[in-house]
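Reading the structure
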Amino acid sequence: MASPKVAEALERAQNLEGAPQITEYQSIITNIQSLSDSSHLTADLIAVLDAIFAENLGLINTRQLLGDLISTLRTVEDHDVRIEVGRDAVRKIPSSPNSSSLIEQAAALREMVAAAHEANEDFLAAAKVLAKIPLDSSQRRVPDAEKAAMWIRIVRNYLEVDDSTAAETYLNKLKNVMHTVDDPELNLHFRLSAARIQDSNRQFLQAAKSYHDISFSPAIAEEERLHTLSMAIKCAILAPAGPLRSRALGQLYKDERSAGLEEYGILEKMFFDRLLSTAEVDKFAQGLAPHQLAKTSDGSTVLVKAVVEHNLLSASRLYSNIGFGELGLLLGLDGDKAEDTTARMIEQGRLAGSIDQIDRIIWFEGHEASGEKGSGRAEMPVGKEMRRWDSNVQALAEDVERLTDALQAEFPDFVAAQIAV
């Protein structure tokens, strides 16, 4: 219910006609914050909206008054007032006979409501409101640059709440228009959003490369360039161990700026395939984002899995062979889990070696795998133990053959009836 002063002013306006009536409504809207107080401002503004839509003021006048109301709302410091009044206006527009001609005003109201949500750090609500602004409507032609700016804003809001799935939907829309957008800032935000989505989706190698490329951009301040370089290092460390990650670590280690970053110590150890201690890993984990510490399907975190695989790769540089149990102690796993991890890395071409499941020994080839699936498996037996196993199998086969020949010579009828030769 409107406050007395506003109710009186609205009644006076409703008793007028033509231009004086419009002027009176404009005066109410312009002076609403002096006519009302903070406790009644929302109700008073909604009462003004009700009066505007109740009167048959014509399309031009309705547009003008809505524009004035939006301008006034933008000066209101209370974000909740802007949200409530903006929502009410958006709900009323579709019921107006001029609704199809008020599409720009509806878009401006939604944008204002979204800005208020962003100021309140309610990023999910902001993204949902912005998503309702029509950008591809036949009634509203929007330049590609404006579409890109709006979609990037939606993407960034979704990323603030770690909803990479929804963010990727709008990033895919951006891919169709970014080639027509010349704005360097929008292009930078697009690249950064793509990197953040790759990071959220645990595509760490791609994210590391994207962040590293952005860190050279002259369009951002030196502090921001170092921050994106730091993100590139974190993603490279979290990536699956193997030749591709080794190349990424090499590029980052050779970047002269890396030496001044907090992550440089663990980057150096990983680049030189040195074993990582628990204390080093725990310190590094303190600087990671929540999604980078999320648990995987097997119950371990992305970081734990990356460190286990790195230490396994480091062990392959130190040993030519090692037992399942001993490797498990080195990695902080049980023997069977150590075997499973090794087998997966060999199968995926990220570690060169073979597994002797009889003697429970892992043999390392001593060279780097190619990274192609299946390329990590040894093509030849490794070490004297494997050669001795092959010799024993061959000797057993020869003994069986000699025994069969002796039986055939002594008991030909029995062999013909009982043994296939």
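Right above here is the structure, for reference.
Residues numbered from 1 in each chain as written. Predicted model: local features only at pLDDT ≥ 70, side-chain atom pairs only at ≥ 80, totals over all residues. Heavy atoms only, no water.

**Quick notes on the side chain of Gln292**
Worth spelling out the cut-off: Secondary structure counts use DSSP, requiring at least four H or I residues in a row for a helix and at least two E residues in a row for a strand, with both numbered from the N terminus. Only protein chains enter the area calculation, which uses a 1.4 Å probe; residues under 20% of their type maximum are buried, those over 50% are exposed, and those in between are partly exposed. By the criterion applied in these results, polar contacts are pairs of N or O atoms within 3.5 Å in which, for protein atoms, one can donate a hydrogen and the other can accept it, and in which residues neighboring in sequence qualify only through two side-chain atoms. In this analysis, two residues are considered to be in contact whenever any of their non-hydrogen atoms come within 4.5 Å of each other.
Locating Gln292 in the fold gives a position in the loop between helix H16 (278-285) and helix H17 (302-318). By relative accessible area, which is 1% here, Gln292 ends up buried. Side chain to side chain, Gln292 and Asp199 meet in a polar contact 3.2 Å long. When residues no more than four places from it in sequence are discounted, the contact partners of Gln292 are Asp199, Phe204, Met231, Cys235, Leu238, Val302 and Leu303.

**Topic: the layout of surface pockets**
Where we set the bar: Think of a 1 Å grid over the protein atoms and nothing else: a 1.4 Å probe that fits but is trapped marks a cavity, an open set flanked by protein within 12 Å on at least five of seven lines marks a pocket, and residues with an atom within 4 Å of a point count as lining. Grid points are joined across faces, edges and corners, and a volume is the space filled by probe spheres set on the points.
The computed volume of the largest pocket comes to approximately 390 Å³. Elements represented by at least two residues in the lining of the largest pocket include exactly H16, H17, helix H18 (324-331) and helix H19 (335-347). Sorting elements by how many residues they give to the lining of the largest pocket places H17 first, with 6 residues.

**Details of helix H6 (residues 79-92)**
Note the threshold: The span expected for a helix works out to 1.5 Å for each residue beyond the first.
Taking 1.5 Å of rise per residue, 14 residues should cover 20 Å, and H6 covers 20 Å from first to last C-alpha, within 8% of that figure. Every buried residue belonging to H6 is among Val81, Arg82, Ile83, Val85, Gly86, Asp88, Ala89, Val90 and Lys92, and all of these are buried. The secondary structure elements touched by the buried residues of H6 are helix H4 (41-54), helix H5 (59-73) and helix H7 (103-119). N-cap assignment for H6: the residue whose side-chain oxygen lies 2.9 Å from the backbone N of Asp80 is Asp78.

**Considerations on the packing of helix H9 (residues 144-160) against helix H10 (residues 164-175)**
Note the threshold: For helices, the axis comes from a line fit to the C-alpha atoms of the stretch in contact; other axes are also lines fit to C-alpha atoms, and the angle between any two N-to-C directions lies between 0 and 180 degrees. Throughout, the term roughly parallel applies to angles under 35 degrees, roughly antiparallel to angles over 145, roughly perpendicular to angles from 65 to 115, and oblique to all others. For a crossing to be left-handed, the near helix must be turned anticlockwise from the far one by less than a right angle; the clockwise case is right-handed.
Here H9 crosses H10 at 165°, and the two axes come no closer than 8 Å. It follows from the interaxial angle that H9 and H10 lie roughly antiparallel. In terms of crossing hand, the pair formed by H9 and H10 is left-handed. Residues Ala148, Trp151, Ile152, Ile154, Val155, Tyr158 and Leu159 of H9 pack against Ser164, Ala166, Ala167, Tyr170, Leu171, Lys173 and Leu174 of H10.

**Considering the packing of aromatic side chains**
Given two aromatic rings, their pairing is described by the distance between the two centres and the angle made by the two planes. Put simply, the rule is: Pairing of aromatic rings covers Phe, Tyr and the six-membered ring of Trp, with a centre-to-centre limit of 6.5 Å; geometry is then stacked below 30 degrees between planes, edge-to-face above 60, and tilted otherwise. A ring is scored as having a charge over it whenever the NZ atom of a lysine or the CZ atom of an arginine sits within 6 Å of its centre and within 35 degrees of its normal.
This structure, assessed with the given rule, holds 5 aromatic pairs. For the ring pair Tyr253 and Tyr264, a centre distance of 5.7 Å and an interplane angle of 10° mean the geometry is stacked. Remark: Tyr264 occurs in helix H15 (residues 264-271) and Tyr253 occurs in helix H14 (residues 243-254); sequence separation between them is 11 residues. Their ring planes at 80° and their centres at 5.4 Å tell us that Tyr253 and Phe272 sit as a pair that is edge-to-face. Pair noted here: Tyr253 is in helix H14 and Phe272 is in the loop between H15 and H16, with a separation of 19 residues, a long-range link. Aromatic rings pair up to connect Tyr253, Tyr264, Phe271 and Phe272 into one cluster. If you follow Arg257 out to its NZ or CZ, it ends over the ring of Phe216, 4.5 Å from the centre.

**Overview of the pattern of salt bridges**
Opposite charge on two side chains lets them pair, provided their charged atoms get close. To be explicit about the condition: Think of a salt bridge as a Lys or Arg side-chain nitrogen and an Asp or Glu carboxyl oxygen that are within 4 Å of each other.
Summed over the entire model, instances satisfying the criterion amount to 19 salt bridges. A salt bridge links Glu24 to Arg12; its shortest N-O distance comes to 3.4 Å. Placement of Glu24 in helix H2 (residues 18-30) and of Arg12 in helix H1 (residues 4-14) is noted, with a sequence separation of 12 residues between them. With relative accessibility at 17%, the residue Glu24 sits in the buried group. Here Lys234 ties to Glu263 by a salt bridge, and the two come within 4.0 Å at their closest N and O atoms. Residue Lys234 is located in helix H13 (residues 222-238), and its partner Glu263 is located in the loop between H14 and H15; the two are separated by 29 residues in the primary sequence. What makes Glu263 buried here is its relative accessible area of 10%. Each of the salt bridges in this network shares a partner with another, and the network as a whole consists of Asp50, Asp88, Arg91 and Lys92.

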